[in-house]
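Observations on the model geometry
Given next are the chains, with one letter for each unit.
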Amino acid sequence: MQSKGCRFDWNSTNSVVISGEIDEYADFSSLNNCSGQILYVDFAKVTRLNSSGLRTWIQTIMKNKIQLVLRECSAVVVEQFAMIPQFIGKNGTIESFFARYQCISCVHEELRRFQVGLNLDLAHPHMDAELKEPCPECGGCLELDQAPEIYLSFIHLSTPAAS
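In what follows, the accompanying structure is described. Worth saying up front: this structure is predicted, and the values here are computed from it rather than measured. (Residues numbered from 1 in each chain as written. Predicted model: local features only at pLDDT ≥ 70, side-chain atom pairs only at ≥ 80, totals over all residues. Heavy atoms only, no water.)

Structural notes on the packing of aromatic side chains
What describes a pair of aromatic rings is the distance from one ring centre to the other and the angle between the planes of the rings. Taken as a whole and judged by the stated rule, the model has eight aromatic pairs. The interplanar angle of 70° and the centroid separation of 5.4 Å between the aromatic rings of F28 and W57 together place this pair among those described as edge-to-face. Taken together, the positions of F28 in the loop between strand 2 (15-22) and strand 3 (38-49) and W57 in helix 1 (residues 51-63) put the pair 29 residues apart, joining distant regions of the chain. For the pair formed by F28 and W57, the shared burial category is buried. On the basis of an interplanar angle of 70° and a centroid distance of 5.4 Å, the ring pair of F43 and W57 is categorised as edge-to-face. With F43 in strand 3 and W57 in helix 1, the pair connects residues that are 14 residues apart, well separated along the chain. Each member of the pair, F43 as well as W57, carries the same accessibility label: buried. Here the aromatic residues F8, F28, F43, W57, F81 and F87 are joined through ring pairs into a cluster of three or more. (Phe/Tyr/Trp six-rings, centres within 6.5 Å; stacked < 30°, edge-to-face > 60°. Helix = DSSP H or I, 4+ residues; strand = E, 2+ residues; numbered from the N terminus. Buried < 20%, exposed > 50% of the residue type's maximum accessible area, 1.4 Å probe, protein only.)

Pasting the structure below:
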């Protein structure tokens, strides 16, 4: 089903791309088919979450005992699982996410993708608070929009992803 602001595009029976806004109109009933299974969720195109949508999401994954593998998490999704650990469910895994860098001069934004095991080592997690490359718009400094700890807070919550 499709909600007013949230769309589900199923790649297979256990892989879905969720896009748009996860809000009070979100209908996660299609996830009931994944009860007790591993579900791969791509969140790259999620633009906003509100408390109602978040509550429904958590209730659905907990009730159905879905083990999540989260991919391509947008910066707004990262902010949510940093504040609300239940977002990734029990034994959930984060495979990859985007971090937002902002120019301190012109407010230009750049997204950088981090993938566990590729450019993010869980044993020694590190994210640069400032990019080495200058802003392509004005030449200014691009800084992480949140403290690196916010983006990396999932590490103690997440089980290691299977390779």
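Don't stop here, the text continues.
Section: the pattern of salt bridges
When the charged atoms of two side chains with opposite charge come close together, those side chains can pair. Going through the model one piece at a time under the given rule, you end up with ten salt bridges. With a closest N to O distance of 3.2 Å, D128 and K132 form a salt bridge. The partly exposed category is assigned to D128, whose relative accessible area is 29%. (Salt bridge = Lys/Arg side-chain N within 4 Å of Asp/Glu carboxyl O.)

Considering the side chain of R100
Within the secondary structure layout, R100 lies in strand 6 (residues 96-103). Here D145 takes part through its side chain, which lies 2.6 Å from a polar atom of the side chain of R100. (Polar contact = N/O pair within 3.5 Å; in protein donor to acceptor, adjacent residues only side chain to side chain.)

Observations concerning the nonpolar core
Core analysis: the largest hydrophobic core is formed by 45 residues, its most contacted members being I18, F43, W57, F87 and F97. If sequence neighbours within four positions are ignored, I18 has contacts with C6, R7, F8, V41, D42, F43, K45, V46 and W57. (Core = buried A, V, L, I, M, F, W, Y, C linked by side-chain atoms within 4.5 Å. Contact = heavy atoms within 4.5 Å.)

Re the side chain of S153
Structurally, the position occupied by S153 is in the segment after helix 3 (148-152). Exposure remark for S153: the relative accessible area of 15% places this residue in the buried category. In this structure the side chain of S153 is engaged in a polar contact, spanning 3.0 Å, whose partner is the backbone oxygen of I150. Not counting residues up to four positions away in its chain, the partners in contact with S153 are F81 and A82.

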